[in-house]
Amino acid sequence: MGEIHLQQLRNDKMKNIIRIALAIVCIFCFSSLSASGATIDSLSVKPVNPEAEAITIYEVNFVLSDTLPSDAVITVTFPDGFDLSRVKLAGSSTINGGFKVSVDGQRVAIKRSGLGRPILPGENVEVKFANVRNPVAEGEYVITVEILGDVKEVIATIIREK
């Protein structure tokens, strides 16, 4: 009888050890997953002039939960109907070091030069780019903002509906 009781205690102890080990593994996995990508605390994407067919400046403002590297790329993808063919200029009052702007179809890529300081978590990031022609008709549209880090991994993706 004592031997059966001892075996039961060993089995119960082993089950508890396995449960604790699984709990530790789960906690580790979930914490490393949440730390692998930044979150956006706030985002706004807005034109200075929202009128149909206006050639305007677009302002993108956001706050990240992770550092924005000095060589990060901020991409803004517009739906069909926006004319981006004249976009060549970008600037910022919160980021120093300069930018290189490129357009590929409906996507504007604003690459940091690598010369400015990284933007720390919680700091506001503001970027403006000029010469976007709004679509012919006003209405609902979706703009996607994607932030690529120093090794081209996606730091954050945001979809903004207006």
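Residues numbered from 1 in each chain as written. Predicted model: local features only at pLDDT ≥ 70, side-chain atom pairs only at ≥ 80, totals over all residues. Heavy atoms only, no water.

Q: Please give an account of the packing of aromatic side chains that cites residues and values.
A: Counted by the stated rule, this structure contains six aromatic pairs. Consider the rings of tyrosine 58 and phenylalanine 82, whose centres lie 6.3 Å apart with planes at 75 degrees: the pair is edge-to-face. With a gap of 24 residues between them, tyrosine 58 in strand β2 (residues 55-64) and phenylalanine 82 in the loop between β3 (73-77) and β4 (90-91) connect regions that are remote in the sequence. In terms of burial, tyrosine 58 and phenylalanine 82 fall into one category: buried. Aromatic side chains phenylalanine 78 and phenylalanine 129 sit 6.1 Å apart centroid to centroid with 80 degrees between the ring planes, which places their arrangement in the edge-to-face category. Of this pair, phenylalanine 78 sits in the loop between β3 and β4 while phenylalanine 129 sits in strand β7 (residues 124-133), and the two are 51 residues apart along the sequence. We note that phenylalanine 78, like phenylalanine 129, is buried. Taken together through their ring pairs, the aromatic side chains of Tyr58, Phe78, Phe82, Phe129 and Tyr141 make up a single cluster. (Phe/Tyr/Trp six-rings, centres within 6.5 Å; stacked < 30°, edge-to-face > 60°. Helix = DSSP H or I, 4+ residues; strand = E, 2+ residues; numbered from the N terminus. Buried < 20%, exposed > 50% of the residue type's maximum accessible area, 1.4 Å probe, protein only.)

Q: Any chance you could break down the pattern of salt bridges for me, citing the residues and the numbers?
A: Here the structure, examined in full by the defined rule, presents two salt bridges. Note that glutamate 123 and arginine 117 form a salt bridge whose closest N and O atoms lie 2.6 Å from each other. Since its relative accessible area comes to 24%, glutamate 123 is described here as partly exposed. The exposure class of arginine 117 is partly exposed, given its relative accessible area of 39%. (Salt bridge = Lys/Arg side-chain N within 4 Å of Asp/Glu carboxyl O.)

Q: Now, about the nonpolar core: what can you tell me, with residues and values included?
A: Core analysis: the biggest nonpolar cluster contains 27 residues, and Tyr58, Leu68, Phe78, Val108, Phe129 and Val132 have the highest contact counts within it. Of all the secondary-structure elements, those providing two or more residues to this core are β2, β3, β6 (107-112), β7 and β8 (142-148). Sequence-distant contacts of tyrosine 58, defined by excluding residues within four places in its chain, comprise Val45, Lys46, Pro47, Phe78, Phe82, Val127, Lys128, Phe129, Val132, Asn134, Tyr141 and Ile143. (Core = buried A, V, L, I, M, F, W, Y, C linked by side-chain atoms within 4.5 Å. Contact = heavy atoms within 4.5 Å.)

Q: Can you explain the environment of asparagine 134? Please cite residues and give values.
A: In this structure, asparagine 134 sits in the loop between β7 and β8. The exposure class of asparagine 134 is buried, given its relative accessible area of 4%. Along the chain, asparagine 134 and glutamate 53 lie 81 residues apart, while their C-alpha atoms are 4.6 Å from each other. Beyond its immediate stretch of four places on either side in the chain, asparagine 134 contacts Asn49, Pro50, Glu51, Ala52, Glu53, Ala54, Thr56, Tyr58, Gly81 and Phe82.

Q: Give a detailed account of the pairing of strand β5 (residues 99-104), specifying residues and quantitative values.
A: With six bridges joining them, β5 and β6 adopt antiparallel strand pairing. Along β6, the bridge assignment pairs valine 103 with valine 108. The turn linking β5 back onto β6 is made up of two residues, and glycine 105 within it adopts a positive phi angle of 65 degrees. (Pairing = 2+ DSSP bridges.)

Q: Can you tell me about unusual backbone geometry, naming the residues and giving the values?
A: Even without being glycine, glutamate 53 reaches a positive phi, approximately 65 degrees. By the secondary structure assignment, glutamate 53 is in the loop between β1 (40-47) and β2. Here glutamate 53 falls in the partly exposed class, since its relative accessible area comes to 41%.

The values reported here are purely geometric and, on their own, carry no functional implication.
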